[in-house]
Amino acid sequence: MNPNLRIFLTIFCYISAVMGVVTAVINASQKPAATTSAVVAGVLGVVFLFGGMALGRRPHH
C-alpha cells in the first residue's frame, strides 16, 4: 500500500473514532436518551479505533 494513503487512512480512522465516541456520549446524555444511536455510534467509533491501530502498526519483517 502507498505510504501516503496508509497515513491518510490511519488519520481518518482515528478522527472517525473520536467523532464516534463523542457522538455516542452526546446521544446517551440527551433527555430522553437516544440509546440506539448512542450504541451504534459507539460501536462504529471502536471499529474505527481498531482500524486505525491496525493501519498504524509497523510492518514486521
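These notes cover the structure that comes with them.

Here is what the cut-offs are and how they apply
Residues numbered from 1 in each chain as written. Predicted model: local features only at pLDDT ≥ 70, side-chain atom pairs only at ≥ 80, totals over all residues. Heavy atoms only, no water. Helix = DSSP H or I, 4+ residues; strand = E, 2+ residues; numbered from the N terminus. Rg over C-alpha atoms; globule rule 2.2 N^0.38 Å. Buried < 20%, exposed > 50% of the residue type's maximum accessible area, 1.4 Å probe, protein only. Contact = heavy atoms within 4.5 Å. Expected span 1.5 Å × (residues − 1).

Quick word on the overall build of the protein chain
At step 1: When helices and strands are counted, the protein chain shows 2 helices and 0 strands.
At step 2: Against the 2.2 N^0.38 benchmark of 10 Å for 61 residues, the protein chain shows a C-alpha radius of gyration of 14 Å, more extended than a compact globule.
At step 3: Each of the three principal axes of the protein chain carries a C-alpha extent, and together these read 50 × 20 × 10 Å.
At step 4: Within the protein chain, the fraction of its 61 residues that count as buried is 20%.
At step 5: Counting contacts in the protein chain only where the partners sit at least 6 residues apart, residues at least 24 apart contribute 63% of the total.

Describing unusual backbone geometry
At step 1: Of note, the amide linkage connecting Lys-31 to Pro-32 takes the cis form, showing an omega dihedral of -10 degrees.
At step 2: Here Pro-32 lies in the loop between α1 (3-28) and α2 (35-56).

Considerations on α1
At step 1: If you check α1, its first and last C-alpha atoms are 37 Å apart, about what 26 residues at 1.5 Å a residue would give, namely 38 Å.
At step 2: If you check which residues of α1 are buried, you get Thr-10, Cys-13, Ser-16, Ala-17, Gly-20, Ala-24 and Asn-27.
At step 3: Of the surrounding secondary structure, the elements contacted by the buried residues of α1 are α2.

On their own, these measurements won't tell you what the molecule is for.
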